[in-house]
Amino acid sequence: MPQGKEKKTHGILALAGLEPYQEKQGEEYMNDAQRAHFRRILEEWRRQLRQEVDRTVHHMKDEAANFPDPVDRAAQEEEFSIELRTRDRERKLIKKIEKTLQKIEDDDFGFCDSCGIEIGIRRLEARPTADLCVDCKTLAEMKEKQMTGA
Ligand SMILES: [Zn+2]
């Protein structure tokens, strides 16, 4: 498949302005350097999310004008409810990031919550808050699909 001109960003890693972690040979999984790497990613991610939340709050305060026209008012309320949902999502994500940072502190980061194996650096760089390995995640999703009949 030909590569497009637009290079796919590396998601959160790019967002945090960091390069993928380069493992040295024989390096121990989740040593200090690796944990520091993920702490940086998570902290930068959280900082940007917090900014986003602040921005939304300010935006809503600025925009909270009283529209005499009920159509305008309805449109504004709709817009606000979308923003509130987004903010709610961001807040939950910030909580999850903080939980993950705590796991780094507790030396419990990077292992699957379900089976205990190493989640892996590349997977964690793509999804730093991942708490399941690929296999357990796939299994969990399959179960969820069965439950919801999707
Ligand atoms: Zn697992």
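From a predicted model like this one, the values you see are computed outputs, not experimental measurements. (Residues numbered from 1 in each chain as written. Predicted model: local features only at pLDDT ≥ 70, side-chain atom pairs only at ≥ 80, totals over all residues. Heavy atoms only, no water.)

1. Observations concerning the UniProt feature "zinc finger region: dksA C4-type" (unreviewed entry) in the chain
In plain terms, the rule: UniProt positions are given in the numbering used here, feature names are shortened, and annotations may be inferred rather than shown by experiment. Strands are runs of DSSP state E lasting at least 2 residues, helices are runs of H or I lasting at least 4, and numbering of each runs from the N terminus.
The residues that UniProt annotates with the feature "zinc finger region: dksA C4-type" (unreviewed entry) are residues 112–136. The straight-line gap between the two end C-alpha atoms of residues 112–136 is 8 Å; of that span, 36% is helix and 0% is strand.

2. What about the nonpolar core?
Put simply, the rule is: What we call a nonpolar core is a set of buried Ala, Val, Leu, Ile, Met, Phe, Trp, Tyr and Cys residues that are connected through their side-chain atoms within 4.5 Å. Burial here depends on accessible area, computed with a 1.4 Å probe over protein chains only, as a share of the maximum for the residue type. Under 20% is buried, over 50% is exposed, and the range in between is partly exposed. Residue contacts are defined here by distance: any two heavy atoms, one from each residue, within 4.5 Å place the two residues in contact.
Counting residues in each nonpolar core, the largest one holds 24 residues, and the members touching the most others are Phe38 and Leu124. The element that contributes the greatest number of residues to this core is helix H2 (residues 32–63), accounting for six residues. Residue contacts for Phe38: discarding those within four places in its chain leaves Met30, Ile104, Phe109, Ile121, Leu124 and Glu125.

3. Here's the deal with unusual backbone geometry
At Met30, a residue that is not glycine, the phi angle is positive and equals roughly 60°. By secondary structure assignment, the location of Met30 is in the loop between helix H1 (12–15) and H2. When its relative accessible area of 5% is taken as the criterion, Met30 is described as buried. Its identity is not glycine, yet Asp107 carries a phi of approximately 65°, on the positive side. Along the polypeptide, Asp107 turns up in the loop between helix H3 (70–105) and helix H4 (121–126).

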